[in-house]
Amino acid sequence: MTPPTPAPLAVDTRARPERGERPAPSRGRRGSRAPGRVRRASLPYLLLLPALALELLVHLVPMVIGAVMSFKTLTQFYIRDWSTAPWTGFDNYRISVDFSAPVGRDLLDSFVTTCLFTVASVALCWLLGTAAAVFTQDGFRGRGLLRALFLVPYALPVYAAVITWAFMFQRDNGLVNHVLYDQLGLGGERSFWLIGDNSFVALLTVSVWKGWPFAFLIVTAGLQNIPRELYEAAAIDGAGTWQRIRRITLPSLRPVNQVLVLVLFLWTFNDFNTPYVLFGRSAPKAADLISIHIYQSSFVTWNFGTGAAMSVLLLLFLLVVTALYLLLTSRGRKTADGRR
């Protein structure tokens, strides 16, 4: 018998990849992997969604409600249901910016005081923080302990620290007057630090003591990114300490200082806890910051509509200043990069 003829083998006519070349994935596999890739790409956003929603709930909703309240005649008679307060349009804003009237004049004085206080506090915080960071840049015995001591004011709770300072500024039993008049022997009567013109100095002292460790921490982190070879080369060329700080340290810290100054400005200009704990519900005129002034206009005189209008004006001012600052710093950075 003749054996049966075997069936012809199926020949794969598709082009085979060359050696070292990865075969192209089939369409079926690509389509099955696409949903998985989409899910992996959207997972970080899904994880951030609860925090973002909570952030909007905590910050955005009160801002919108405050903006609505600024257009209402909201006094103590409408506290139970503020939505029934009559609309007043821009009258609250006109009252706030009418500097010939008592309300507008007091707001202007508070704004000027806040500007002077913010400039002095930010400048001193930056100066002390930078000096301490540069001083502790090089290694020496006890540097870690000294850095830890520098950060103590920043680690303490705000209320505990400010209450301690309030006791220290007492006229008869305070530590400040005891050191100045009893130990150093300054003549004259003991000073009042929590009332009168000296209240500005007391508030500035507490603000700088509380804020300069943050500047020290940020500048210290920025100094770690400066190559040591630059200082060594400058020392070989005969550059002194001040020349190295001026030519190497400060230019290298420019991006860090730009962010640091902006953050310190916003924190100091909006600071409410320090004057409130230090002076109580009514701050002296010399230390009447705009945050405590808005609080008094809202919760002391019970005119929440005017207080809300002042808050909106403060928000607009900070937004404009921040935008201009970022614009100027970005232009300066581009100019410096172009010169290089």
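Conventions used here
Residues numbered from 1 in each chain as written. Predicted model: local features only at pLDDT ≥ 70, side-chain atom pairs only at ≥ 80, totals over all residues. Heavy atoms only, no water. Helix = DSSP H or I, 4+ residues; strand = E, 2+ residues; numbered from the N terminus. Buried < 20%, exposed > 50% of the residue type's maximum accessible area, 1.4 Å probe, protein only. Contact = heavy atoms within 4.5 Å. Areas by Shrake-Rupley, 256 points an atom, 1.4 Å probe, with all protein chains shown as cover. Patch = residues over 30% accessible without salt bridge, like charges linked within 9 Å, V, L, I, M, F, W, Y side chains within 5 Å. Salt bridge = Lys/Arg side-chain N within 4 Å of Asp/Glu carboxyl O. Axes fitted to C-alpha atoms, helices over the stretch in contact; angles between N-to-C directions. Parallel < 35°, antiparallel > 145°, perpendicular 65-115°, else oblique. Left-handed = near helix turned anticlockwise from the far one by under 90°. Nonpolar A, V, L, I, M, F, W, Y, C, P; charged D, E, K, R; others polar. Phe/Tyr/Trp six-rings, centres within 6.5 Å; stacked < 30°, edge-to-face > 60°. Lys NZ or Arg CZ within 6 Å of the ring centre and 35° of its normal. Core = buried A, V, L, I, M, F, W, Y, C linked by side-chain atoms within 4.5 Å. Polar contact = N/O pair within 3.5 Å; in protein donor to acceptor, adjacent residues only side chain to side chain.

Per the secondary structure count, the protein includes 14 helices and zero strands. Starting at the N terminus, the α and β elements of the protein follow one another as α-α-α-α-α-α-α-α-α-α-α-α-α-α. Counting only residues that meet the buried cut, the protein has 32% of its 340 residues in that class. Sequence-distant contacts, at least 24 apart, represent 63% of the contacts inside the protein between residues at least 6 apart. Carbon together with sulfur atoms contributes 65% to the accessible area of the protein, which is approximately 22500 Å² in total.

On the surface, Leu43, Leu46, Leu47, Leu49, Leu52, Leu56, Leu60 and Val64 cluster together into a nonpolar patch covering about 770 Å² of accessible area. Summarising the element assignment, leucine 56 is placed in helix H1 (residues 27-69).

Moving on, we come to the environment of asparagine 225. With respect to the helices and strands, the residue asparagine 225 is situated in the loop between helix H8 (198-223) and helix H9 (228-236). For asparagine 225, a relative accessible area of 66% puts it in the exposed group. It is 9.1 Å that separates the C-alpha atoms of asparagine 225 and leucine 253, two residues lying 28 residues apart in sequence.

Running from N to C, H8 and helix H11 (residues 254-269) cross one another at 160°; their axes reach a closest spacing of 10 Å. Between H8 and H11, the crossing angle belongs to the class labelled roughly antiparallel. Crossing of H8 over H11 shows right-handed handedness. Two secondary-structure elements touch here, H8 through Ser207, Gly211, Phe214, Ala215, Ile218, Val219 and Gly222 and H11 through Val256, Asn257, Leu260, Val263, Leu264, Trp267 and Thr268. Of the residues that constitute the contact of H8 with H11, the class distribution is nine nonpolar, five polar and no charged.

Even without glycine at this site, tryptophan 302 takes up a positive phi of about 60°. Here tryptophan 302 shows up in the loop between helix H13 (290-300) and helix H14 (304-339).

All chains considered together, the criterion is met by 23 aromatic pairs. Seen from their ring centres, phenylalanine 71 and tyrosine 93 are 5.5 Å apart, and the 45° between their planes marks the pair as tilted. Highlighted residues: phenylalanine 71 in the loop between H1 and helix H2 (91-97) and tyrosine 93 in helix H2, separated in sequence by 22 residues. Residue classification places phenylalanine 71 among the partly exposed positions, given a relative accessible area of 25%. Relative accessible area serves as the criterion here: at 13%, tyrosine 93 is assigned to the buried category. Among the aromatic residues, those joined into a ring-pair cluster are Phe272, Tyr276, Tyr295, Phe299, Trp302 and Phe304. One residue, lysine 72, lies across the ring of tryptophan 87, its end atom 4.2 Å from the ring centre.

Core analysis: the biggest nonpolar cluster contains 39 residues, and Phe169, Leu203, Leu264, Leu278 and Phe279 have the highest contact counts within it. Those elements that place two or more of their residues in this core are helix H3 (102-135), helix H6 (158-168), H8, H9, H11, helix H12 (273-279) and H13. Element by element, the count of residues in this core is highest for H8, at eleven residues. Sequence-distant contacts of phenylalanine 279, defined by excluding residues within four places in its chain, comprise Leu194, Ser199, Leu203, Pro284 and Ala287.

Relative to the helices and strands, serine 298 is located in helix H13. Setting aside anything within four residues of it in sequence, one finds serine 298 in contact with Asn303, Phe304, Gly307 and Ala308.

What follows covers H13. Most of H13 is tucked away, with nine of its eleven residues classed as buried. Turning to H13, its buried residues number three or more, namely Ile290, Ser291, Ile292, His293, Ile294, Tyr295, Gln296, Ser297 and Ser298. Looking one or two residues past H13, tryptophan 302 carries a phi angle of roughly 60°, positive in sign.

If you trace the backbone, serine 207 turns up in helix H8. For serine 207, the side chain forms a polar contact with the side chain of serine 121, separated by 2.9 Å. Here serine 207 is in contact with Phe117, Ser121, Cys125 and Thr268, once residues within four sequence places are set aside.

Limitation: the analysis is restricted to geometry and does not speak to function.
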